[in-house]
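The chain contents come next:
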Amino acid sequence: MNWIDIGPIDSIPLYGARVIKTPVGCVALFRTGQDEVFAADDRCPHKGGPLSEGIVHGQSVTCPLHNWVFDLNIGEAQGADEGRISTYPVRVEAGRLLIDGNAIGKRSAA
Amino acid sequence: MTQKLVIIGAGMASGRVIEHLLDADPNAYDITLFNAEPRGNYNRIMLSPVLSGEKTYEEIVTHSDDWYAQNGVTCRFGEHVVNIDREMKVVEGENGHVPYDKLIIATGSAPFIIPVPGHDLPNVISYRDLDDTNAMIEAAGKGSKAVVIGGGLLGLEAAAGLKERGMNVTVLHLMGHLMERQLDEAAGYLLRKDLEARGITVKTQAATKAILGEGRAEAVLLESGETLGADLVVMAVGIRPETRLATDAHLDVARGIEVNAQMQTSDPDIYAVGECVEFDGHLFGLVAPLYDQAKVLADSLLGQPSAFVVKELATKLKVTGCDLFSAGDFAGGETREDIVFRDPSRGIYKRLVIEEDRLIGAVMYGDTADGSWFFGLIKDGTDIEEMRETLIFGPAFQGGASADPLSAVAALPPEAEICGCNGVCKGQITSAIEGGATDLGAIRAKTKASASCGTCTGLVEQLLSVTLGDEYAAPQAQPICGCTSHTHEDVRRLIKSQELKSQAAVWQELGWTTPNGCHSCRPAVNYYLLADWPLEYQDDPQSRFVNERKHANIQKDGTFSVVPRMWGGITTPEELRAIADAADRYNVPTVKVTGGQRIDLLGVRGEDLPAIWSDLNGAGLVSGHAYSKGLRTVKTCVGTDHCRFGTQDSTGLGIKLEKHLWGSWTPHKLKLAVSGCPRNCAEATCKDIGVICVDSGYEIHVGGAAGMEIKGTEVLCKVETEEDAIKVISAMTQIYRENAKYLDRIYKWLAKVGLDWVKTQIVDDLENRKALAERFALSQSVYRKDPWAEHAQNQTVRAQYAPLANLTLEAAE
Ligand SMILES: Cc1cc2nc3c(=O)[nH]c(=O)nc-3n(C[C@H](O)[C@H](O)[C@H](O)COP(=O)(O)OP(=O)(O)OC[C@H]3O[C@@H](n4cnc5c(N)ncnc54)[C@H](O)[C@@H]3O)c2cc1C
Ligand code: HEM
Ligand code: SF4
Ligand code: FES
C-alpha cells in the first residue's frame, strides 16, 4: 500500500462527502455519522449522478438523481437496482485522511 | 548474586509487575523504583471519585511507603529519569545514577495538548495525575465557570466531577457526538441528555481556536466565533505514549515503545509495560490489558514462558447515573447485521453487531445489566445463531417478545397534548376510552380529539391500542419509511408534544430501527424540527437533498442552475448587466426567462457557484430559492401603475409579500401571484396562494396547482387592506408549515384537513391569526437571509464546493 495524506477528517462534513480528483477519475470520500470514512467512485452507474452530493445514512449513500442506494463497504447497489461502484482503501490516522495511492492509480512516491 | 532491576515509573502497570515478582520469588531481584510524581503507586482510575469528592486520596493509594519498605523496594520518588545509558547499563536520575541488569520502562502516557494560543496559561489543566486533580479541586473552590475541552471518557469524568464541586461546566467536543470512539450516535445522544439533565452544557462539533486571557485563562474562543467565559480550562483531548527516554536511547519506537509478546524492547535487557508500549500495532489506554502485560513481564523476568495476547476491551464511564457500556467493534459492515432495541420510555438503547453468527460488538445505554454477558459472548466467539431472535433481551430472556412500537405513545405523560386543534391531552382521551369510547368516532364525539384537522388521528388510534390492547385493531397507516412505524403526522405531533429538538432525539424517543435514518426520513425530520423549533434546532444541511444543500438546482449532467431573485418580477438595467456579465464570465451556456418572472443561468459548474454568487451579490442580487421547498416567487402583473384596469398596486403588494416571505422553508414549494384585477394576468388562481385585487380590497385564494395536476384555487377570504392581506398570508403560510406533511403542496394538505378548518383557524379566529403570524415572523428572524452570501463569504463552507485534493498531477521526479 502507498498511503497518501489527503487532509484532516473535518474537511468532510459529518454525514457528508468531498471529491478528490485522481488518475482513475473523481473519487468521493464519505464520512458517516459514526465518523467512519469510505472512498468510492463519485459517478453513479445509473445515469452518472454525483454520489458525493447524495445523502449519507448508516453506511450507505443515496444518489441525488434517482435515489439508488449504495452500500459503501462493497459499492453494491441495494434493493432492486443493479450496479456497483468501485471502492478504494482509506483510513483515518491521528485525524488525517489517508487513501491508498496504488488503488487510485498513483505510482508510489519513492 | 541478586540481579539489579530498575523500574522507571511507579504507575498501575509497574505496580502489578512488582506484586507478581514479589509473590513468585521475593529474592530474585533487587528493585529500584523511580517515579516523577513525588509519591508511589495509586489507583489512577479512581482520580475521578477524588475529584468529585466521593473518595479521598488516601483511599486510592495501592502501595504505601510502608509497603515499599517492607518489601525492600528502593524508592526514588519525585525524581525524573533523564537518560538511559545502554552501553554502561546505567539509568541516570536527576539525583544520581543507578546501574541495572534488567530495566523496565513504565512511563505511561502524557496528555495531548492542542497547541492553540493560550494553551500554556496557568489555569489550563490536563487530567492525568493527583496534582492535576488537586489543581482542579482548588480552582473549583475559587471560580465558577469551567470549560472542559474533550468529550471522551476523561473529559466527561472531569466535567461531572467539577459539576459536583459546584462549577458551571461546559464540555466542548470536536466530533458530532460524545465518546465517539466508544459509543454510536444514539448512545451518545442519551449520554448527552443525562449530562444536560444534571446541568452540564454540551457543545458538539465545537473546535477550539484559542484560549484567551492575560496571565491566566479567562475565556475559550471557538472557530465559530463564540466565546465562553472560563475560570478553569481542562484539556482532555487524548493521550500520547510517553516514549522520550526510549527514543533518546535509540530503542525501536513507533507510536509507542515497540515490544514483543514477552514485553521485551529491541534491547533484550530492557522491557516496557503499560500505556507507553506498542504491541503489534496496538496502543493501550485501559488497565485490563496492562494487567495482562504485567503478568507476562513478571514471568519473562523469572525465565518462565509466557506471551501477551491482545483481547477485546469493554468500556464503562464512571459517572454516577450515566449507565453506558461499549465493547468490541460496532461499526456496521457489508457482512454485518445490526440488532437495535430502543425503549424510549426508559431511555434505553441497545445495539448488537453480528457477523457470521458471532457477536462482535455491543453498545448499550440506560440498562447495561447484560453488558458482561454480551462481552463474554464477544470474547468467546460464541455461536449465537440459535438465540439470534431473542439475543438482545439478554440471558434472562429467551421467550421472544418483540420491541413495542407503541411505547412512544405509552410513554407520554397524561398531560401531554395529543390534539393541538382542540387542546385535548392524553389523559382526557384515555379516560374517554376507559369510559367506553372504544373507537375513533366515539372519541371524536366525546373529546373532539382528532375531530378538526385530523393530523393526530394516528396517535389517537395508538392510544386506543395501548389502552385496549388486542381488542382494538388499528387501521394500517403508512409509516414515513422503513426506519420507523410512525406516520408523518404522528412524528410531527410527537416532536411537538415531547419537545424533541434534535434528530438523534427523534430517532431515540420514537424508536427508529436504523442508526441514523435514510434519505426518505432525514429531510422530513429535519424540516419538522426546523419548522417547530426555529431557535433551538439548527438546520442540518447533510439531511437535505443536494439542491437545498448547495442552494442551486442540480442538472442532469451534474452542473447547476443559478436563479437570482427579481422581487415581484421587477428588475433594473444594473441587475440585468450584472447577470449578463456573470453569464459571460462563467461561460454560462444557457440563459432563460423562467415561468416565475425571472432569469435562469443554466449549466454553471459546481466549483464556480460561490464565485458567481459573490458577483451577483455585488449587484444586490440574492438567491431566488428556485431549488427549495420554500418560497419560490411572487408573480405580479403591472397593476394600477400602468394598466388601465388595475384596481390596486399589485406589483407593490407582490414585492412586499416576496420580501416578507423569502427564505422561509415550507413542506413543499410555495408559489404566489398577485393580479391587479379579476382579469388575472398574473395567473394567481393556479398558485399555492394567490391574490386577486378588486375595487374593495383583496381576495385571498389558496390551494391552486398547475403541475402534473391542475387545480383552481378556492377563496379563503377577502380583506380590505394590504396590511391584512400580508397578515392572512403569513398566517396561512405558517399554519401550512406547522401542520402539513413533508412534500404535500397546500392543495394536497387542504384535501386532508379541509378549507373550512383552515378558515376557522385564520379567518374567524383573529387571535390565532395573530399568533401564527408572530410565529412566522420569529422563524423568519432566523431564516430570512441570503444563503448565497453566507456560503460565498464563509471560507470553510466555500472550500467545500471545490475538490478536496487533486491527485492527477504527477509530482516532478
Ligand atoms: C482520570 C483517569 C481515569 C481513568 N479511568 C480509567 C478507567 O475507568 N478504566 C481504565 O481501565 N483505565 C482508566 N484510566 C487509564 C489508566 O489509569 C491507565 O491506563 C493506567 O494508569 C496506565 O498505567 P501505566 O502504568 O502505563 O502508566 P501510569 O499509571 O501513568 O504510570 C506512569 C508513571 O510514570 C511516571 N513517569 C513518566 N516518565 C517518567 C520519567 N522520565 N521518570 C520517572 N517517572 C516517570 C509518571 O509520573 C507516572 O506516575 C484512567 C486514567 C485517568 C487519568
Ligand atoms: C381585456 C383583457 C385583458 C387585458 C387588458 C390584459 C392585459 C395584459 C397585460 C398588460 C399584460 C402584461 C402584464 C405584465 O407584464 O405583468 C398581460 C399579461 C398576461 N395576460 Fe392579460 N389581459 C387581459 C386578459 C387576459 C386574459 C383573459 C387572460 C387569460 C385567460 C390573460 C392572460 C395573460 C397572461 C398569461 C399574461 C402573461 C403573459 C406572459 O408573461 O408572457 N390576459 N395581460
Ligand atoms: S390583471 Fe388586471 S390590472 Fe393586472 S395587468 Fe391584467 S388587466 Fe391589468
Ligand atoms: S444517476 Fe444515480 S440513481 Fe440515477
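Conventions used here
Residues numbered from 1 in each chain as written. Chains lettered and ligands numbered in written order. Predicted model: local features only at pLDDT ≥ 70, side-chain atom pairs only at ≥ 80, totals over all residues. Heavy atoms only, no water. Near = heavy atom within 4 Å. Polar contact = N/O pair within 3.5 Å; in protein donor to acceptor, adjacent residues only side chain to side chain. Nonpolar A, V, L, I, M, F, W, Y, C, P; charged D, E, K, R; others polar. Donors = N, O, S within 2.8 Å, 3.2 Å for Na, K, Ca; no water. Helix = DSSP H or I, 4+ residues; strand = E, 2+ residues; numbered from the N terminus. Contact = heavy atoms within 4.5 Å. Buried area = accessible area lost by both parts, 1.4 Å probe. Salt bridge = Lys/Arg side-chain N within 4 Å of Asp/Glu carboxyl O. Pairing = 2+ DSSP bridges. Axes fitted to C-alpha atoms, helices over the stretch in contact; angles between N-to-C directions. Parallel < 35°, antiparallel > 145°, perpendicular 65-115°, else oblique.

### Topic: the site of ligand 2
Residues and elements named next belong to chain B. Residues in contact with ligand 2, as listed here, are T636, C637, V638, F645, R679, C681 and E683. T636 places a main-chain nitrogen or oxygen 3.5 Å from an oxygen atom of ligand 2. Broken down by class, the residue content of the shell around ligand 2 amounts to four nonpolar, one polar and two charged.

### Structural notes on the coordination of the iron atom of ligand 2
For the iron atom of ligand 2, the sole protein-derived donor is C681 of chain B (SG), lying 2.6 Å away. Mapped onto the fold, C681 of chain B is located in the loop between β33 (670-675) and β34 (689-694).

### Considerations on the interface of chain A and chain B
Counting residues at the interface gives 43 residues for chain A and 43 residues for chain B. Together, the buried faces of chain A and chain B total about 3500 Å²; carbon and sulfur atoms form 54% of this surface. Linking chain A with chain B are three salt bridges, by the criterion used here. One salt bridge in this structure joins E53 of chain A and K550 of chain B, with 2.8 Å as the shortest N-O distance. On inspection of chain A and its partner chain B, the count reaches 14 residue pairs in polar contact (both at pLDDT 80 or more). The set of elements that each furnish at least two residues to the side of chain A that touches chain B consists of β1 (3-8), β2 (16-22), β3 (25-31), β5 (55-57), β7 (69-71) and β10 (96-100) of chain A. The element best represented in the side of chain A that touches chain B is β2 of chain A, accounting for six residues. Relative to strand β39 (residues 805-806) of chain B, β2 of chain A runs parallel, the two being bridged by two bridges. Of the residues in β39 of chain B, the one forming a bridge with I20 of chain A is A805 of chain B.

### Notes on the pairing of strand β6 (residues 96-99) of chain B
All names here are of chain B. Pairing geometry for strand β5 (residues 90-93) and β6, over four bridges, is antiparallel. Of the residues in β6, the one forming a bridge with G93 is G96. Remark: two residues form the turn of the hairpin made by β5 and β6, two consecutive strands paired antiparallel.

### Regarding the packing of helix α24 (residues 755-764) of chain B against helix α25 (residues 766-783) of chain B
Residues and elements named next belong to chain B. Relative orientation of the contacting elements α24 and α25 amounts to 85°, with a least axis distance of 5 Å. In terms of axis orientation, α24 runs roughly perpendicular to α25. Here Q761, I762, V763 and D764 of α24 come into contact with α25, specifically with L766, N768, R769 and L772. In terms of residue class, the contact of α24 with α25 is built from four nonpolar, two polar and two charged.

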